Amino acid sequence: MTEVLSGLSGGFSVALMPLNLLLVLIGCFAGTLIGALPGIGPINGVAILLPIAYSLGLPPESALILLAGIYYGAEYGGRISSILLNVPGDAGAVMTTLDGNPMAKRGEAGRALSISAIASFVGGTVAVILISLFGPLLAKFALTFTPADYVALMVFAFASLSSLVGKNQVKTLMGATIGLMLATVGIDANTGVPRYTGGVPDILAGFDFLVVVIGFFGMAELIHLVEQQVSGKLKLLPIGKSFVSWKDLMLIRWTILRSSIIGFVIGVLPGVGASVASAVTYGTEMRMAGKDREKFGTGDPRGLAAPEAGNNAAAGGAMVPMLTLGIPGSGTTAILLGALMLFNVTPGPMMFEQRPEIAWGLIASMYIGNLALLVINLPLVGLFARMLTIPQKYLSPLIAVLAFIGVYSVVGNPFDLFLIIGFGIFGWILRKLEFSLAPIILGFVLGHLFEDNLRRALSISRGDWSILISSWESIGLYLMAALIVVLPVVVSYRNRMRA
Amino acid sequence: MADRLFALCALIAGGIYTFVAFAVIKAPFQYDPLGPETWPQVLAIVFLFCSLYILASPDHIRLTLARSVWLRLLLLVLMLGGYAELYEPLGFVVSTTLFCSLFSIMLGAKRLHAIAFGCTTGIIGYGICDFLLGLNLPEGLLAPLL
């Protein structure tokens, strides 16, 4: 406990430095703006702004504080377009539309926005408190991990990913494999042998992380937006004067707390993020409502508070495996992880001891950020809602311009501009075929780590594969991986038998 | 149908990947027992298995986009390609002005508005990125002025 307190006080001394404080506020503000844009979610916002944040020449902890601010700011702002436009910014905000938009249609948009702001705040704050308590413990445990245990952990991450994310498990697994395969391109670090470079000198060093991220989450999103823009008009609902009442808060207090904790736990699972958390918390509250369940979907405050608390808590929870294990808990944290690697910081259990200013600085900045978000969101919600009225015809070109600036200013190679267009088209096709893109980026980020640990483990054992199941940690992880894949199948089979 | 087509393409691409993994990648000497080829081999097998599964039981996805939508997406890709091609030779300001104007016209903006929007983005964008943030952007045609 004293360790946590001293870590936190160190963290606050980093986060309260004027530059970092300013960056938290800018990140939260920009994140909310981006999150409020229809169709653009946290992952796209972080992807598009990452290279710019990188090339500003900030120290790593400041850059990470800025990017994390954008991340949970956008997670926060996503509710605005869900409620007022019925257009979720990303998969995590879909559940918010179910009860949020009906409330806005009844003329209670102000009430819906303030309820969701408070639910998001509690979700985010509960998550960051739990991170401060359990992060260091998990990091200490993870220090004992051997390369073979890391392989098991990675298998568990991909198992939970393919079991819980996306409609079609095989497609999720395939997406992750595509990411892993993209990571094999380039010169093999151990032997110096080029792999899959096709003799093109520009990719001898492998695909740049930024190029892959911007391609899949900037350009693919742009093509998708243009496609959507051509079809159909969006109707913006007015905010009005209604506001959250004491009665509302009393009605939803347990909902918010329950959903925050559930959301956090789901966020901690590697690879599974806000979208699953919001769906699970919504479902849980609906089941707990008993006779009232018919009200869900017609504008019930509980149905609005649950997914909002859940997805913000999950966004925080997803930071835990990233900070302690070096394994991202969601697509967006995969990008943050990649950002750390750009700064030559190796994320993982050593970070709490070797780079406490990054680990604790980030955690402390999240306390500040959450509070700042609540404070700027309650009065300024009208301003953010104005973002929804920016015509797409001007917004879409700006996305492309930002993506080009980002890639060019970091990599400085025009070849990469063509690469992001190529990845963008590929990503758009995958989206059309109902692939989820987050597994690809997870696979890409974890590719080298996975392969290196596998090769290291087998070097230690001189080629004996049984080393992979030689410790209790790894056996436990393999069992959990098997369970998480098999359980949903068994449950759905039993439900079908009963029906 | 779309899924089947995709699985077929994936099988071909995966086949090439597999061939390279098993036949081409070889290290002249190596220190670790696995070498550079084992990991791609594992991935290749998983990928081929997934492709075969999708080929056998595809989702029902209809990719029916109106012809005008296809046309616009094609235009978008062409414009992006042109933007990338001209980014260095013309420089950020000119290429961005052109790209933003044309793009917003395609999305239905009035010509005058579009050109005003393009110029503003090009000039203010360069100002913010170059002078304020210190980012490295191509100067191109306007190099003598900047």
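Residues numbered from 1 in each chain as written. Chains lettered and ligands numbered in written order. Predicted model: local features only at pLDDT ≥ 70, side-chain atom pairs only at ≥ 80, totals over all residues.

(A) Quick look at the overall build of chain B. Each helix and strand in chain B was counted, giving five helices and zero strands. Secondary structure of chain B in N-to-C order comes out as α-α-α-α-α. Taking 146 residues into account, the globule formula puts the C-alpha radius of gyration at 15 Å, and chain B, at 24 Å, lies well above it. Taking the principal axes of its C-alpha atoms as reference, chain B extends roughly 60 × 50 × 20 Å. The buried share of chain B, reckoned over its 146 residues, is 33%. Considering only contacts within chain B whose residues lie at least 6 apart along the sequence, 59% involve residues at least 24 apart. (Helix = DSSP H or I, 4+ residues; strand = E, 2+ residues; numbered from the N terminus. Rg over C-alpha atoms; globule rule 2.2 N^0.38 Å. Buried ≥ 20, exposed ≤ 12 C-beta atoms within 10 Å, placed from the backbone. Contact = placed C-beta atoms within 7 Å.)

(B) Focus on the overall build of chain A. Along its length, chain A carries 20 helices and two strands. For 499 residues, the compact-globule estimate of 2.2 N^0.38 gives 23 Å, and the C-alpha radius of gyration of chain A, at 22 Å, lies within 12% of that figure. In terms of principal-axis extent, the alpha carbons of chain A reach across some 70 × 55 × 50 Å. Looking at the 499 residues of chain A, the share that counts as buried comes to 60%. A separation threshold of at least 6 residues defines the contact pool for chain A, and within that pool the share at least 24 residues apart is 80%.

(C) Here's a closer look at the nonpolar core. Within the largest apolar cluster, 205 residues are counted, with the highest numbers of intra-cluster contacts made by A:Leu67, A:Val213, A:Ile214 and A:Ile441. Setting aside residues up to four positions removed in sequence, A:Ile441 forms contacts with A:Gly179, A:Val213, A:Phe216, A:Gly331, A:Ala334 and A:Ile335. (Core = buried A, V, L, I, M, F, W, Y, C linked by C-beta atoms within 7 Å.)

(D) Representation of the environment of A:Phe423 in the model. Residues and elements named next belong to chain A. Positionally, Phe423 belongs in helix H18 (residues 414-432). With 23 C-beta atoms counted inside 10 Å, the residue Phe423 sits in the buried group. Ignoring any residue separated from it by four or fewer positions in sequence, one finds Phe423 in contact with Val212, Gly215, Phe216 and Met219.

(E) Geometry of the packing of helix H7 (residues 147-164) of chain A against helix H19 (residues 438-460) of chain A. Residue and element names in this part refer to chain A. For the pair H7 and H19, interaxial distance at closest approach is 8 Å and the crossing angle is 150 degrees. Our classification of the angle between H7 and H19 gives roughly antiparallel. Taken as a pair, H7 and H19 cross one another with a handedness that is left-handed. In this structure, H7 contributes Pro147, Ala148, Tyr150, Val151, Met154 and Leu161 to the contact, and H19 contributes Pro439, Leu442, Leu446, Phe450, Asn453, Leu454, Arg456, Ala457 and Ile460. (Axes fitted to C-alpha atoms, helices over the stretch in contact; angles between N-to-C directions. Parallel < 35°, antiparallel > 145°, perpendicular 65-115°, else oblique. Left-handed = near helix turned anticlockwise from the far one by under 90°.)

(F) A look at the interface of chain A and chain B. Taken together, the contact between chain A and chain B spans 50 residues of the former and 52 residues of the latter. Where the side of chain A that touches chain B is concerned, the elements lending two or more residues are helix H8 (169-183), helix H9 (209-230), helix H17 (392-411), H18 and H19 of chain A. Looking at which element gives the most residues to the side of chain A that touches chain B, the answer is H17(A), with twelve residues.

(G) Highlighting the environment of A:Met1. Relative to the helices and strands, A:Met1 is located in the segment before helix H1 (2-15). As a C-alpha pair, A:Met1 and A:Ser132 span 131 residues in sequence and 9.8 Å in three-dimensional space.

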